[in-house]
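Structure assessment
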Amino acid sequence: MKVLLLGSGGREHTLAWKIAQSKLCEELYIAPGNAGTAECGVNLNFSDSDVEKIKECIIEKQIDILVVGPEQALVNGIYDCIKNDKKTEKTIVIGPSQAGAVLEGSKDFAKAFMSKYNIPTADYQSFDKENIEGALEYIQTLKAPYVLKADGLAAGKGVLICHTIEEAKHEINAMLLSEKFGKASRKIVIEEFLKGIELSVFVLTDGEHYLVLPSAKDYKRIGENDTGLNTGGMGAISPPPFADKIFMSKVEQKIIIPTIEGLKKEKITYKGFIFIGLMKVDDEPYVIEYNVRMGDPETEVVVPRINNDLLDLFLHVENQTLDQVTLAINSQVAATVMLVSKGYPEAYEKGKIISNVQNVQNSYVFHAGTKLNDKGELVSNGGRVLAVTSMGASIQEALGLSYQNADLIDFENKHYRRDIGKDIL
Ligand code: AMP
Ligand code: GLY
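In short, a report on the structure. (Residues numbered from 1 in each chain as written. Chains lettered and ligands numbered in written order. Predicted model: local features only at pLDDT ≥ 70, side-chain atom pairs only at ≥ 80, totals over all residues. Heavy atoms only, no water.)

Moving on to helix α2 (residues 51-60). Those residues of α2 that fall on the buried side of the exposure criterion are Ile-54, Lys-55, Cys-57 and Ile-58. When α2 is viewed along its axis, its buried side chains cluster within an angular range of 160° and face the same direction. Counted as exposed and oriented over 90 degrees from the buried face of α2: Glu-52 and Glu-60. Buried residues belonging to α2 abut β1 (2-7), β4 (65-68) and α4 (78-83). Once α2 ends, the next one or two residues include Gln-62, with phi positive near 50°. (Buried < 20%, exposed > 50% of the residue type's maximum accessible area, 1.4 Å probe, protein only. Helix = DSSP H or I, 4+ residues; strand = E, 2+ residues; numbered from the N terminus. Arc of directions from axis to C-beta. Contact = heavy atoms within 4.5 Å.)

And the structure:
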């Protein structure tokens, strides 16, 4: 099979690494990719949301399967664009239709979907500029901290947790009246704060059946002990030890099954990954958010634990035969530590020469923001630069290897959190 994978982060390097191992893989292209994906296939120089270039590539290279990494292209409707064009309609697309991608593209839609199908989530109400008075009244009925969410995609920055009512009111005004997050905050969701421990659950669905992939715990804040700004993720562990069998069976019964059934009842075409962000509150799961893609850096610990051939799984998705598949999961723990640039998650440095990657032993190095410069040297090219993933019999063992190699790899002002996994040990 000829594969085109869209995206350029650590998630995509991990997917490319796994796809390249597939017996079914004849050719692998990644657009735009990074220096790591270039070792698994051929990088193509166009953006992952450039629909015209994607279509041209599908036709020219006779692509059999398009795997969509990030959300933007899905929310823009890449699935429908490919399927509604006679020249590209036969290409398999791994990712939901635009109607399905709204689960991530609109928090208001996702919350309404959850209420309709009785999926446990925080109590909420949605507001726009016209009923800002309602928002200011509703916030009075809640207790601190207050959770405000921009309805649309806001590059992971659209959720605000406010500790005082004054701050919450100020932010409601900023979001609705001054479009603090642009168009994304023309509508907002205000919801009850859930106190618990978070985890990321991943499902692969063919629209009819589903497989529950390994779950993970992500470390979102830039600083140790979960302090400082939110990032895309500074590290991850799979499986999270607190997601035991009993808890995961509640997740399946109360969340995954109603989600898949809801999509079917709504006649939403969905062939791809569902990433369910959950809060475990007193042993009960609540949905924080849906994403219509894999997580990053969760992919860096989830995918290495899957022993099945990924393209074979994708063929089952296309043929709606996922019920015939048995997942083979590696019982080892996987841990990843993200090496990031100085300044991240705000303005960060780029172009720093990265050395010693070739000396890494017993870990996988998945590239996130990297490229080769004009001299062919490996340099940093993003906020998150490299993810160092290791497998072990225990969290300690896996983390030990990742930290050993995180120390070894060098670039100027390299930063990483030294407390990944500490809270669950
Ligand atoms: P999201 O962008 O929806 O993942 O939200 C970002 C982060 O905000 C989540 O990872 C949670 O840590 C936090 N969060 C979102 N919603 C809630 C909630 N209802 N209660 C507590 N924390 C929340
Ligand atoms: N690590 C969280 C995300 O991918 O959204």
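Moving on, we get to the site of ligand 2. In the vicinity of ligand 2, the residues found are Asp-218, Gly-232, Phe-275, Arg-293, Gly-295, Asp-296, Pro-297 and Glu-298. Backbone polar atom of Gly-232 to a nitrogen atom of ligand 2: 3.1 Å apart, as the coordinates give it. Between a nitrogen atom of ligand 2 and a side-chain N or O atom of Glu-298, the distance comes to 2.8 Å. Protein coverage of the free-state accessible area of ligand 2, which is 200 Å², stands at 88%. Class assignment for the residues of the shell around ligand 2 results in two nonpolar, two polar and four charged. (Near = heavy atom within 4 Å. Polar contact = N/O pair within 3.5 Å; in protein donor to acceptor, adjacent residues only side chain to side chain. Areas by Shrake-Rupley, 256 points an atom, 1.4 Å probe, with all protein chains shown as cover. Nonpolar A, V, L, I, M, F, W, Y, C, P; charged D, E, K, R; others polar.)

It is worth spelling out the sheet that holds strand β18 (residues 333-340) at this point. Pairing is antiparallel across the open sheet formed by five strands, whose spatial order is β12-β15-β18-β22-β19. Single-partner strands in this sheet number two, and they are β12 (217-218) and β19 (364-367). Pairing analysis gives four bridges linking β19 to strand β22 (residues 384-392), with the strands arranged antiparallel. Along β22, the bridge assignment pairs Val-365 with Val-388. Contacting β15 (235-238), β18 and β22, helix α12 (residues 395-408) runs over the sheet at an angle of about 140° to β22. (Pairing = 2+ DSSP bridges. Axes fitted to C-alpha atoms, helices over the stretch in contact; angles between N-to-C directions.)

Moving on: the side chain of Thr-299. Looking at the secondary structure, you find Thr-299 in helix α10 (residues 299-302). When neighbours within four sequence positions are excluded, Thr-299 is seen to be in contact with Arg-11, Thr-14, Leu-15, Met-294 and Pro-304.

The strands making up a sheet associate through backbone hydrogen bonding, with each pair oriented either parallel or antiparallel. Taken in spatial order, the four strands make up an open sheet running β6-β9-β7-β8, and their pairing is antiparallel. Single-partner strands in this sheet number two, and they are β6 (124-128) and β8 (159-162). Each strand axis lies, on average, 20° off the axis of its neighbour in the sheet, ignoring direction. Summarising the sheet, strand β7 (residues 146-150) and β8 pair through four bridges and their orientation is antiparallel. Along β8, the bridge assignment pairs Leu-148 with Leu-160. Packing against the sheet, helix α7 (residues 132-140) makes contact with β6, β7 and β9 (187-191), and its axis sits at approximately 150° to β6.

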